[in-house]
Amino acid sequence: MCLMACGPVAKSIPIQPVRSAQRVAANPELFRKAQSFIAKWDDRERALNRSSGVLTLLPLDSNSPLIAWYPESREHQYGRRSILFDLRRAASFLAFMRPDLPALRAGDLSDSDGSTPSDRLGLRHPRGTHVQGYFADVSYPGFAQDPATHPELTPASLDRVDLEGTAWVLYSLFESDSVETILTAYRAPLLALITEEYERGVVPYEGVARFQNNLMQDDSLNHGGHLHINTAEKSGLSGSPQGDVYRCRHAYPDHSQGVPTTVWLTHPC
């Protein structure tokens, strides 16, 4: 799951996070508008996305503000329909919630034949990972430099990660049932941030529950520099509304037994 370490090496250039003054403060009304926007995006994207389960090159077009991490990435960005949909949706959701941030950057998925991405230097990730189009790497948002010009840039430390922007990317990804786990080196601060958004009345509790259950701490394999997404062979949001955990299930915190637990209730979609 190494992304930049296995790519071309260039002179390191200092990078600065987006200043906090530029951030768009999240509030229930903004979140409601974002949900309405992304529901319309879902319908439009489903109408355009009728491919089968074969591997497809990740579309980078005007329907989603998503770009390749660096030019070489395009050789390794073949994925299943569900993960392509989820990545493009997360990029669009981020752009609505944080229009001040640069576009989300996609790294490696799989090679066109479904194998672990490799180049002239060998495997770009541990053997057996990033296979069959079910896995993807994406950037931590918040950096203004052009990745095509400076492909070596990764955050690599918490103070260079825009946690708020990252949380909205994760929130969108976790709305899909096809997304199983996401690896990061910053689980604790991201969980604290989404919990705060819940306590402020911005997001529903199921967002917190998915972060608690499906966001995994991993300090190895450069996950201080990028997120790694693991998906399953499910339709997720790319299939029908019935695949959306947020539309069909609601989570509630339960403290009745003295130990905090989560209760999931299913409702009609």
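Residues numbered from 1 in each chain as written. Predicted model: local features only at pLDDT ≥ 70, side-chain atom pairs only at ≥ 80, totals over all residues. Heavy atoms only, no water.

Looking at the overall build of the protein
In terms of helices and strands, the protein carries 6 helices and 12 strands. The 269 residues of the protein split such that 52% are buried. A separation of at least 24 residues holds for 77% of the contacts in the protein among residues at least 6 apart in sequence. Element-wise, carbon and sulfur atoms account for 55% of the exposed surface of the protein, whose accessible area totals about 11,600 Å². (Helix = DSSP H or I, 4+ residues; strand = E, 2+ residues; numbered from the N terminus. Buried < 20%, exposed > 50% of the residue type's maximum accessible area, 1.4 Å probe, protein only. Contact = heavy atoms within 4.5 Å. Areas by Shrake-Rupley, 256 points an atom, 1.4 Å probe, with all protein chains shown as cover.)

Points about the packing of aromatic side chains
Overall, the coordinates contain 11 aromatic pairs when judged by the stated rule. Plain terms: the ring middles of Phe-31 and Phe-93 are 6.4 Å apart, the flat faces sit at 85° to each other, and that makes the pair edge-to-face. Taken as a pair, Phe-31 in helix α1 (residues 28–48) and Phe-93 in helix α2 (residues 81–97) lie far apart in primary sequence, 62 residues in all. Take Phe-31 and Phe-93: they sit in the same class, and that class is buried. Geometrically, the ring pair formed by Trp-168 and Tyr-171 is edge-to-face, given 6.1 Å between the ring centres and 70° between the ring planes. (Phe/Tyr/Trp six-rings, centres within 6.5 Å; stacked < 30°, edge-to-face > 60°.)

With respect to the confidence of the model for the protein
For the protein, the average pLDDT comes to 80, and 76% of its residues sit at 70 or higher. Mean pLDDT in the protein bottoms out at helix α6 (residues 245–248), which sits at 62, and peaks at strand β9 (residues 215–217), which reaches 97. Per-residue pLDDT stays below 50 along residues 1–23; that stretch engages in 67 contacts with residues further than four places along the chain or on separate chains. Within the model, pLDDT remains below 50 along residues 236–243, and this stretch shows 24 contacts once partners closer than five positions in the same chain are excluded. (pLDDT = per-residue confidence, 0-100.)

Quick notes on the pairing of strand β10 (residues 226–231)
Taken across its 6 residues, β10 has 6 buried, putting it largely inside the fold. Bridge count between strand β7 (residues 135–139) and β10: 5 bridges; the pairing is antiparallel. Directly across from Asp-137, in β10, lies its bridge partner His-228. (Pairing = 2+ DSSP bridges.)

Topic: the side chain of Glu-164
Its location among the elements puts Glu-164 in helix α3 (residues 163–174). Among the polar contacts made by the side chain of Glu-164, one reaches the side chain of Arg-98 at a distance of 2.8 Å. (Polar contact = N/O pair within 3.5 Å; in protein donor to acceptor, adjacent residues only side chain to side chain.)

Comments concerning the pairing of strand β12 (residues 261–266)
Where a strand is regular, its side chains alternate between the two sheet faces. Pairing between strand β11 (residues 249–254) and β12: 6 bridges, direction antiparallel. Note on β12: the bridge partner recorded for Ala-251 is Trp-264. Connecting the antiparallel pair β11 and β12 is a turn made up of 6 residues, with Gly-258 showing a positive phi of about 90°.

Regarding the packing of α3 against helix α5 (residues 205–214)
For the pair α3 and α5, the least separation of the axes is 10 Å and the interaxial angle reads 90°. By the criterion of interaxial angle, the relationship of α3 to α5 is roughly perpendicular. Residues Ala-167, Leu-170, Tyr-171 and Phe-174 of α3 pack against Gly-207, Arg-210, Phe-211 and Asn-214 of α5. Here the contact of α3 with α5 is built from residues that sort into 5 nonpolar, 2 polar and 1 charged. (Axes fitted to C-alpha atoms, helices over the stretch in contact; angles between N-to-C directions. Parallel < 35°, antiparallel > 145°, perpendicular 65-115°, else oblique. Nonpolar A, V, L, I, M, F, W, Y, C, P; charged D, E, K, R; others polar.)

Observations regarding the nonpolar core
Within the largest apolar cluster, 51 residues are counted, with the highest numbers of intra-cluster contacts made by Leu-87, Trp-168 and Ile-182. Considering each element in turn, this core owes the most residues, 9 residues, to α2. Ignoring anything within four residues of it in the chain, the contact list for Ile-182 reads Leu-170, Leu-173, Phe-174, Asn-214, Leu-215, Met-216, Leu-227, His-228 and Ile-229. (Core = buried A, V, L, I, M, F, W, Y, C linked by side-chain atoms within 4.5 Å.)

Some points on the packing of α3 against helix α4 (residues 187–199)
Packing of α3 against α4 leaves a shortest axis separation of 10 Å and a crossing angle of 80°. The orientation of α3 with respect to α4, classified from their angle, is roughly perpendicular. Packed against α3, whose contacting residues are Leu-163, Glu-164, Thr-166, Ala-167, Trp-168, Leu-170 and Tyr-171, the element α4 presents Pro-189, Leu-190, Leu-193, Ile-194 and Glu-197 at the interface.

Brief notes about α3
Between its first and last C-alpha, α3 extends 16 Å over 12 residues, near the 16 Å set by a 1.5 Å rise per residue. Counting buried positions along α3 gives 12 out of 12 residues, so the element sits mostly inside the fold. Buried residues of α3: Leu-163, Glu-164, Gly-165, Thr-166, Ala-167, Trp-168, Val-169, Leu-170, Tyr-171, Ser-172, Leu-173 and Phe-174, and no others. One side-chain oxygen at the N-terminal end of α3 lies 3.3 Å from the backbone nitrogen of Glu-164; it belongs to Asp-162. (Expected span 1.5 Å × (residues − 1).)

Comments concerning unusual backbone geometry
Backbone geometry places His-130, a non-glycine residue, at a positive phi of 55°. Along the polypeptide, His-130 turns up in the loop between β6 (122–123) and β7. Its relative accessible area of 0% is what places His-130 among the buried residues. Although it is not a glycine, Gln-132 sits at a positive phi angle of roughly 55°. Tracing the chain through its elements places Gln-132 in the loop between β6 and β7. Judged by relative accessible area, Gln-132 falls into the partly exposed class, the value being 36%.

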